[in-house]
Amino acid sequence: MSGRDSELEEAEPASGFSDLSDSEFLQIEEPEDGDSEKPSCSHNRHLEPVEKALETAKRKRAQTPLETFRLLYLCITDVSAQVWCEQQMVYKRERPDLLPLENTVQLNTGKSIHLARELEYHDLVSVCTTSREDSWAIKLLNLLAMIPVLQAGRRVREFPVFGVLEGVFVVGVIDQLGYTAKGELELSELKTRHEAFLPSAAQKKRDRFQVFLYKCIFDAMVQGHLTWDIFIQHLHLRPEQVLGPQVQEQARNAGFTASCFQDLLELAFLNLTLLDIPVIDRLQIEYIHQGTNAPLGTEVLAYDDDAVRATVRDFLAYWKGQRDPKGVDVEDAWKCRYCAYASVCDWRLGRAGSPTVKSRPKKSR
DNA sequence: ATTGCTGAATGG
């Protein structure tokens with residue numbers, strides 16, 4: 001019977017709290033009856049030894065990566081980084097002290113090109129925030145400000161997106177959204193390159209997945225799948241938290257009145273769902289050269305929802321502690337050449353010790 | 001939740 005599996009899958013996304021996942025683990029644990037100590041309490045439902053067992057089970061239980069890294073949410077780029085090398089992505093969190101400095105120049109160049117493009121569309125305003133709710137409110141305000149611009153047929157840049165993938169809250173920023181001449185809603189992701197040629201297949205693959213995730217989450221937002229309580233529950237925010245004066249002022253400037261966090265949440269939800277914003281029809285990645293701004297090529301992507309969701313499921317299984325992190329396959333071992341963690345990498349060591357080569361290529365359609 | 005909780009993305 002595999003019915004129990006699907007039950008778990010159904011139950012999980014709804015729960016944002018750790019006590020629920022604790023009870024889940026208790027079901028998996030062997031039921032221990034070590035009632036040697038207090039037989040007098042046997043009439044009680046809450047037996048002391050059971051309590052003890054629960055405590056030790058809690059302590060012994062391996063934390064999920066989300067718990068160990070104290071993460072309430074993931075960034076889209078965290079997930080797409082798993083395409084390149086999941087193990088490397090994990091090391092970046094575990095060993096930030098070993099973070100490489102080699103390509104910071106390229107990264108910063110990319111950053112400033114992106115910023116320059118953003119400034120062509122709107123000014124940046126710095127707003128003082130006094131609570132966590134305030135800082136999330138800013139993201140919602142950005143979203144609320146961009147919707148009318150988009151609906152007026154103009155382009156927007158840095159569009160915030162939120163959603164839930166496999167029960168995990170994810171956050172991202174869409175580079176650019178706009179309508180094509182044919183009236184299709186188009187997502188355009190800009191990638192700048194130090195080298196004056198298109199990236200390798202491996203990099204393109206990662207970039208594509210990033211864009212696929214944006215579509216997945218954006219579509220769910222405009223289809224009304226992201227309700228306000230999801231926000232509150234996953235991020236542990238207080239709906240009644242009064243917004244800071246500067247945040248309230250920004251809301252007024254944008255034409256909204258919101259005094260508490262939930263006001264903004266509801267406004268965002270209503271604006272997203274009631275304005276007939278379409279799902280994204282067209283996905284493209286534009287590669288340009290950092291030195292000359294010369295276009296290197298544009299990729300138009302075909303979105304395969306089933307394939308994206310299958311990969312998402314596999315990637316998030318790591319975060320939820322359902323499997324160990326994976327390094328690159330043998331044929332991608334060249335990536336280790338660029339990796340700051342190559343010398344300490346367990347995956348590499350493990351592979352050198354025991355040559356357990358996977359004989360199943362992923363392309364088994 | 002014991003008191004608590006991160007700009008995302010930048011490129012190879």
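Going by the structure above, here's the rest.
Thresholds applied
- Residues numbered from 1 in each chain as written.
- Chains lettered and ligands numbered in written order.
- Predicted model: local features only at pLDDT ≥ 70, side-chain atom pairs only at ≥ 80, totals over all residues.
- Heavy atoms only, no water.
- Near = heavy atom within 4 Å.
- Polar contact = N/O pair within 3.5 Å; in protein donor to acceptor, adjacent residues only side chain to side chain.
- Helix = DSSP H or I, 4+ residues; strand = E, 2+ residues; numbered from the N terminus.
- Nonpolar A, V, L, I, M, F, W, Y, C, P; charged D, E, K, R; others polar.
- Expected span 1.5 Å × (residues − 1).
- Bend = angle between axes of the 7 residues up to and from the residue.
- Phe/Tyr/Trp six-rings, centres within 6.5 Å; stacked < 30°, edge-to-face > 60°.
- Lys NZ or Arg CZ within 6 Å of the ring centre and 35° of its normal.

Engineer: I would appreciate a short explanation of the protein's contact with DNA strand B in the present structure.
Structural biologist: Taken together, 36 residues lie around DNA strand B, and Leu72, Lys139, Lys191, Thr192 and Tyr214 are the ones closest in. Glutamine 88 has a polar side-chain atom sitting 3.0 Å from a base nitrogen of DNA strand B. Between threonine 192 and DNA strand B, the recorded distance is 2.3 Å, taken from a side-chain N or O atom to a phosphate oxygen. Elements with a contribution of two residues or more to the surface near DNA strand B: α5 (76-94), α6 (104-119), α7 (132-151), β3 (168-179), β4 (185-193) and α8 (201-222). Partitioned by chemical class, the residues of the surface near DNA strand B number 12 nonpolar, 14 polar and 10 charged.

Engineer: Explain α5 here, please?
Structural biologist: Along an α-helix, residues three or four positions apart point the same way, because every turn accommodates 3.6 residues. Over its 19 residues, α5 extends only 19 Å from the first C-alpha to the last, a length that falls short of the 27 Å expected when each residue adds 1.5 Å. The sharpest bend along α5 reaches about 125 degrees and sits at cysteine 85.

Engineer: What should I look at first to understand the packing of aromatic side chains in this one?
Structural biologist: The description of an aromatic ring pair rests on the distance of the ring centres and on the angle between the ring planes. If you walk through the whole model with that rule in mind, you get 13 aromatic pairs. Ring geometry for phenylalanine 69 versus tryptophan 319: centroids 6.4 Å apart, planes at 70 degrees, classification edge-to-face. With phenylalanine 69 in the loop between α4 (65-68) and β1 (74-75) and tryptophan 319 in helix α12 (residues 305-319), this residue pair connects regions lying 250 residues apart in the sequence. Here the aromatic cluster, defined as three or more aromatic residues joined through ring pairs, consists of Tyr73, Trp136, Phe162, Phe169 and Phe231. Looking at lysine 139, its charged tip hangs above the ring of tryptophan 136, at a distance of 4.6 Å from the centre. Geometry around tryptophan 84 places lysine 335 over its ring, the cationic atom sitting 4.7 Å from the centre.

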